[in-house]
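Geometric and topological summary
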Amino acid sequence: MAGAAPTDRPEAAEWQNPLRDKRDKRLPRIAGPCSMVIFGVTGDLSRKKLMPAIYDLANRGLLPPAFGLVGFARRDYADEDFAQVVLEAVKAHARTPFRQEVWDQLSEGIRFVQGSFDDNAAFDRLADTLTTLDKERGTGGNHAFYLSIPPNMFPVVLDQLCAHGLAQTTGPDAARKPWRRVVIEKPFGHDLHSAQELNALVNGVFPEERVFRIDHYLGKETVQNILALRFANQLYEPIWNANFVDHVQITMAEDIGLGGRAGYYDGIGAARDVIQNHLLQLLALTAMEEPISFEPKQLQAEKIKVLSATKLVEPLDETTARGQYTEGWQGSEHVVGLAEEEGFDPNSKTETYAAIRLQIDTRRWAGVPFFLRTGKRLGRRVTEIAVIFKRAPHLPFDQTMTEELGQNALVIRVQPDEGITTRFGSKVPGSSMEVRDVNMDFTYGEAFTESSPEAYERLILDVLLGVPSLFPVNAEVELSWRILDPVLEHWAAEGRPEPYEAGTWGPPSADEMIARTGREWRRP
Ligand code: BG6
């Protein structure tokens, strides 16, 4: 397998390589020699997601033996102390079982650089560490820089990478130059203007093809399966349009509250936190046209096209809703309201629930409303895309026979209980003709023996392989802000969001918003 692995593949040329198509794509691809430097390595994301994902990749044999993991932070750690932190994170959060031999190999490439972001000497040490890793471990000068840090820290880190010659590589043979990539986490700005500034800043140091923006929803198996469902089958695409679809509901409901994240969340809110990125990406994959191939550029082109045609519906006080949770019960647990969450300003106008109605001005989707909603402390944790079909144009039954027949639906269950449900009418057994809704389910856990990789495993591997398909480009980010900005401005000019009780499905205004169109939210 190692023989098939790409090692020194030049940037971008990967996707133009005619030999690539001949490779057996069923074999997982292994990253070539490289290292990953994580800034913000002592943060939650790094501990719970990044370090475990790196171990899981190693455990699955997808990292090269020549791999380096470099932590950069202010803590006064030696390499061994940092390795211990990684080990604890792996043991607590990795998806795959712990194997000592995998850990032993991975830990040999673990290094730590102590310093603050404005400390020139620390970046000199980082450059030395990477050069040493190249020599000792054979990482080949290929380095990814993962900025798991607040965006206001981006400028100084990017400047330092640039000033210390870490952002670019030089060499006589451009095609075989080692690569340098940057990985950034959301928020990608807080409105269109700031996103444009951020993109200009990042692209000033790393050209767009070397920027990997993480939207971890795109790394989820079920999200990638939207493309398989739509474009590998004959069954759905013919009815995937305004002739057959009544409306689409995209829901990301969480049962958790803000917990320790109140500081980050206050001032951001549900719409910026997840609609701008995860939910609009789900919408784009659900609504886009068939790409001519799955080459990243083609995929991005289709997403950009559909996002360009996506619009809010006026007036916004009738087509949007927002709320803040108050104390309540989640199952048998009594939970506090937002005002009591530590670090949250009790007078804050930040919403923990947001719902918006969108339209897509294309022939395929003319007149089909897309409803997006998300919230914290809702009835249960569920993310799904529900495509609700129009009623049959004619029902040759007495009305009493179809009283319990709803609309056909196709529901992509993103999480938990990953799978797809089709809802349709069926005759109730018995002597009379009574038709009632039934569900037909496909569940990953039953259909496949292998458990799905974590989103971060897939995304980190793709960064190391240089495959950009699952990373939104700056045009997508900016288009998403263009869609959302008017709602944010509208809400900013209004008072406090409407309260909703924890454990319910959001504020009454959200129900009213959809009821105005003669529809109702699903209660998953
Ligand atoms: C993050 C948001 O992007 O996604 C969080 O910032 C949210 O607020 C999280 O809780 C949910 O991710 P997942 O994968 O658990 O659905």
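That block above? That's the structure.
This text gives an overview of the structure that appears in the document.

The rules behind each value
- Residues numbered from 1 in each chain as written.
- Predicted model: local features only at pLDDT ≥ 70, side-chain atom pairs only at ≥ 80, totals over all residues.
- Heavy atoms only, no water.
- Helix = DSSP H or I, 4+ residues; strand = E, 2+ residues; numbered from the N terminus.
- Salt bridge = Lys/Arg side-chain N within 4 Å of Asp/Glu carboxyl O.
- Buried < 20%, exposed > 50% of the residue type's maximum accessible area, 1.4 Å probe, protein only.
- Phe/Tyr/Trp six-rings, centres within 6.5 Å; stacked < 30°, edge-to-face > 60°.
- Lys NZ or Arg CZ within 6 Å of the ring centre and 35° of its normal.
- Near = heavy atom within 4 Å.
- Polar contact = N/O pair within 3.5 Å; in protein donor to acceptor, adjacent residues only side chain to side chain.
- Nonpolar A, V, L, I, M, F, W, Y, C, P; charged D, E, K, R; others polar.
- Pairing = 2+ DSSP bridges.
- Axes fitted to C-alpha atoms, helices over the stretch in contact; angles between N-to-C directions.
- Contact = heavy atoms within 4.5 Å.
- Parallel < 35°, antiparallel > 145°, perpendicular 65-115°, else oblique.
- Left-handed = near helix turned anticlockwise from the far one by under 90°.

So, on to the environment of A163. Structurally, the position occupied by A163 is in helix α5 (residues 154-163). In the structure, A163 is positioned 138 residues away from A301 in sequence and 34 Å away in space, judged by C-alpha atoms.

Let us look at the pattern of salt bridges. Side chains carrying opposite charge are able to pair once their charged atoms draw close together. Taken as a whole and judged by the stated rule, the model has 24 salt bridges. Between R47 and D44 there is a salt bridge, with its nearest N and O atoms 2.6 Å apart. Within this pair, R47 and its partner D44 are both found in helix α1 (residues 44-59), separated by three residues, close to a single helical turn. A salt bridge links E237 to R364; the shortest N-O distance between them is 3.0 Å. Placement of E237 in the loop between α7 (221-231) and β7 (245-253) and of R364 in the loop between β12 (353-360) and β13 (370-375) is noted, with a sequence separation of 127 residues between them. Taking relative accessible area as the criterion, E237 reaches 16% and is therefore assigned buried. Linked by salt bridges that have partners in common, R230, E237, E289 and R364 make up one network.

A word on the packing of aromatic side chains. Per the counting criterion, the structure on display carries 16 aromatic pairs. With centroids separated by 5.3 Å and ring planes inclined at 45°, the aromatic side chains of F82 and F112 adopt a geometry described as tilted. On the criterion of sequence distance, the pair formed by F82 in helix α2 (residues 79-93) and F112 in strand β3 (residues 110-114) is long-range, its members being 30 residues apart. With a relative accessible area of 1%, F82 lands in the buried category. Among the residues examined, F112 registers a relative accessible area of 8% and is labelled buried. Considering the side-chain rings of Y444 and F448, the 5.8 Å spacing of their centres and the 50° angle between planes classify their relative orientation as tilted. With a relative accessible area of 12%, Y444 lands in the buried category. According to the relative accessible area criterion, F448 is partly exposed, its value standing at 47%. A network of ring pairs unites the aromatic residues F39, F72, F117 and F123 as a single cluster. A cation sits over an aromatic face here: R181 above W179, 3.7 Å from the ring centre.

Another point: the site of the ligand. Near the ligand you find 13 residues, and of these Y217, K220, E254, D273 and Q415 are the closest. Note that an oxygen atom of the ligand is positioned 2.7 Å from one of the side-chain N or O atoms of R261. Between the ligand and Q415, the relevant distance is 2.6 Å, taken from an oxygen atom to a side-chain nitrogen or oxygen of the residue. Looking at the shell around the ligand element by element, the count peaks at three residues for helix α9 (residues 269-287). Residues belonging to the shell around the ligand are distributed by class as follows: three nonpolar, three polar and seven charged.

So, on to the sheet that holds strand β1 (residues 34-39). Taken in spatial order, the six strands line up as β3-β2-β1-β4-β5-β6 in an open sheet, and their pairing is parallel. Unpaired on one side and paired on the other, β3 and β6 (211-214) mark the two borders of the sheet. Across this sheet, the average inter-strand angle for adjacent strands is 20°, counted without regard to direction. As judged from the four bridges shared by strand β5 (residues 180-185) and β6, these two strands associate in the parallel manner. In the strand pairing of β6, E185 is matched with I214. In the packing of α2 onto the sheet, the strands contacted are β2 (67-73) and β3, and the crossing angle to β3 comes to about 115°.

Their axes nearest at 10 Å, the elements α9 and helix α14 (residues 474-492) cross at an angle of 140°. Between α9 and α14, the interaxial angle falls into the category oblique. Between α9 and α14 lies a crossing whose hand is right-handed. From α9, A271, R272, I275, Q276, L280 and Q281 reach across to α14, where they touch E476, V477, S480, W481, I483, L484, L488 and W491. Taken together, the residues that form the contact of α9 with α14 break down as nine nonpolar, three polar and two charged.

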